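Here are the chains, one letter per residue:
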Amino acid sequence: MLIALFPGDGIGPEVIAEARRVLDALDLPGLTYEEGLVGGAAYKAKGHPLPPETLDIAERCNAILFGAVGDFDCDNLERHLRPEQAILGLRKALGLFANLRPATLFKELADASALRPEVATQIDMVIVRELNGDVYFGEKGMRTTADGKREGYDVMSYNEDEVRRIARVGFETARARKGRLCSVDKANVLETSQLWRDVMIETHKDYPDIELSHMYVDNAAMQLVRNPGQFDVIVTGNLFGDILSDQASMCAGSIGMLPSASLDTNQKGLYEPIHGSAPDIAGQGKANPLATILSAAMMLRYSLNMPEPADRIEAAVAKALEGGARTPDLGGSMTTQQMGDAVLAVL
Ligand code: NAD
Ligand code: IPM
Ligand code: MN
């Protein structure tokens, strides 16, 4: 089994290093690793955020463990050369359309949540975010209007097949959990969302055992903070899922805690923390590596069919937190490496 390691920019390499140490400590038979350049690091070395060599590794491997991309030095490049195109390009090229972002509060972190502990401890949800469509991948550009004003535009659209396949992932995810699926849209304003809602209702006919509800995204943002415990599985589009998952992370303690899996129709997946390259803390040993370590656990479970070591990693993270391990985002003073050490000590 070949695992591609794409550390990327900012804190990416720091958090990937800790995940790699955890994987090495498990001493799993048959795993090999190949590193590739992505993001600003790839642009600076090769002139492109997703060079052909990297894409080649991505196509050959069984799973990708991804750090983060994003480098403010690159923010004035033409859009197709910006670091973020590496992750968007991989998602599209590999058909990784289903993004699972579990948000669960480790009970030891109730005091780290932005919410009151009695509200925060109720959080146990998965956000299923569509990843290959929406306003992210529609026609976009800059133009000049008739009266000479600059105008930027990005077309939002979904076709019914795209909605149906993510709907199925949503229903299946709910079926493996508590059986409740909340579809989040903006059907009161957007045609894209009206189609989304129609297809959710149609697809529900194949999943009569699942309770389907619908919520407008503005209300969902409010409900996430008011009563996050009401959600089991949320299914939503690319843009709304991006925003709501960062919000859910803070309810669950820290953005440094949330892992994610981006899956195709088979077993192949890209695994990454939901956070970015965090330029404000890069190179200072302040990054929390747990989201990446937990992403490695998701990788073992979903792409490599190794549920037992995945459980071991998750249990070790819980145990390390129980023992008081805290990086600054969790109100402590441990370095990235010390947090890695704390997990390794339990393993
Ligand atoms: P960010 O997630 O990088 O950082 C937001 C805030 O959270 C920062 O204060 C940061 O220090 C903190 N933070 C993030 N991860 C942390 C961790 N593991 N431990 C402790 N604190 C952490 O978002 P941003 O600042 O909006 O974006 C920075 C860059 O990252 C941008 O270039 C953006 O495009 C990119 N980005 C990339 C990805 C990705 O690669 N998947 C995701 C989001 C943002
Ligand atoms: C994420 C990130 C990406 C997204 C960016 C870096 C393109 O914010 O993975 O959540 O918007 O999908
Ligand atoms: Mn995001």
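Note that the structure is a prediction, hence the values are computed from the model and not measured. (Residues numbered from 1 in each chain as written. Chains lettered and ligands numbered in written order. Predicted model: local features only at pLDDT ≥ 70, side-chain atom pairs only at ≥ 80, totals over all residues. Heavy atoms only, no water.)

### Looking at the site of ligand 1
Close to ligand 1 lie 21 residues, the nearest being Glu-84, Gly-276, Ala-278, Asp-280 and Asn-288. In this structure, Glu-272 approaches ligand 1 through a side-chain N or O atom, which is 3.0 Å from a nitrogen atom. One nitrogen or oxygen atom from the side chain of His-275 is found 3.2 Å from a nitrogen atom belonging to ligand 1. In isolation ligand 1 has 800 Å² of accessible area, and contact with the protein removes 71% of it. Of the residues in the shell around ligand 1, the class split is 10 nonpolar, six polar and five charged. (Near = heavy atom within 4 Å. Polar contact = N/O pair within 3.5 Å; in protein donor to acceptor, adjacent residues only side chain to side chain. Areas by Shrake-Rupley, 256 points an atom, 1.4 Å probe, with all protein chains shown as cover. Nonpolar A, V, L, I, M, F, W, Y, C, P; charged D, E, K, R; others polar.)

### As for the sheet that holds strand β8 (residues 180-185)
The strand order across the open sheet built from 10 strands is β2-β1-β3-β12-β11-β4-β5-β10-β8-β9, with neighbouring strands paired in mixed fashion. The sheet terminates laterally at β2 (32-35) and β9 (211-216), the two strands that pair on one side only. Pairwise comparison of adjacent strand axes, ignoring direction, gives a mean angle of 20 degrees for this sheet. Across four bridges, the pairing between strand β1 (residues 2-8) and β2 is parallel. Directly across from Leu-5, in β2, lies its bridge partner Glu-35. This element, helix α9 (residues 238-251), spans β4 (98-104), β5 (124-130), β8 and β10 (233-236) of the sheet and lies at about 155 degrees to β5. (Pairing = 2+ DSSP bridges. Helix = DSSP H or I, 4+ residues; strand = E, 2+ residues; numbered from the N terminus. Axes fitted to C-alpha atoms, helices over the stretch in contact; angles between N-to-C directions. Contact = heavy atoms within 4.5 Å.)

### Quick look at the pattern of salt bridges
In total, this model carries 25 salt bridges according to the counting rule given. Here Lys-44 ties to Asp-71 by a salt bridge, and the two come within 2.6 Å at their closest N and O atoms. Taken as a pair, Lys-44 in helix α2 (residues 39-46) and Asp-71 in the loop between β3 (63-68) and α4 (84-93) lie far apart in primary sequence, 27 residues in all. For Lys-186, the salt bridge goes to Asp-218, with nearest N and O atoms at 3.3 Å. Remark: Asp-218 occurs in helix α8 (residues 217-226) and Lys-186 occurs in the loop between β8 and α7 (191-204); sequence separation between them is 32 residues. Where salt bridges share partners, they join Asp-124, Arg-177, Lys-178 and Asp-232 into one cluster. (Salt bridge = Lys/Arg side-chain N within 4 Å of Asp/Glu carboxyl O.)

### A few points about the domain arrangement of the protein
What the domain assignment reports for the protein is domain 1 (1-96 + 258-347) and domain 2 (114-251). Each of domain 1 and domain 2 was reduced to a C-alpha centroid, and the two centroids are 24 Å apart. With nine residues of domain 1 at the contact, the number on the domain 2 side is nine residues. Summed over both partners, the interface of domain 1 with domain 2 comes to about 820 Å²; 64% of that surface belongs to carbon and sulfur atoms. When the buried area of domain 1 at its contact with domain 2 is split by residue, Arg-91, Lys-92 and Ile-274 rank highest and sum to 49% of it. If you look at where domain 1 meets domain 2, you find zero salt bridges. (Domains from an automatic or database assignment. Buried area = accessible area lost by both parts, 1.4 Å probe.)

### Focus: α8
Taken residue by residue, α8 has Val-217, Ala-220, Gln-223 and Leu-224 as its buried positions. End-on, the buried residues of α8 take up no more than an arc of 110 degrees, which puts them together on one face. The elements touched by buried residues of α8 are β5, β8, β9 and α9. (Buried < 20%, exposed > 50% of the residue type's maximum accessible area, 1.4 Å probe, protein only. Arc of directions from axis to C-beta.)

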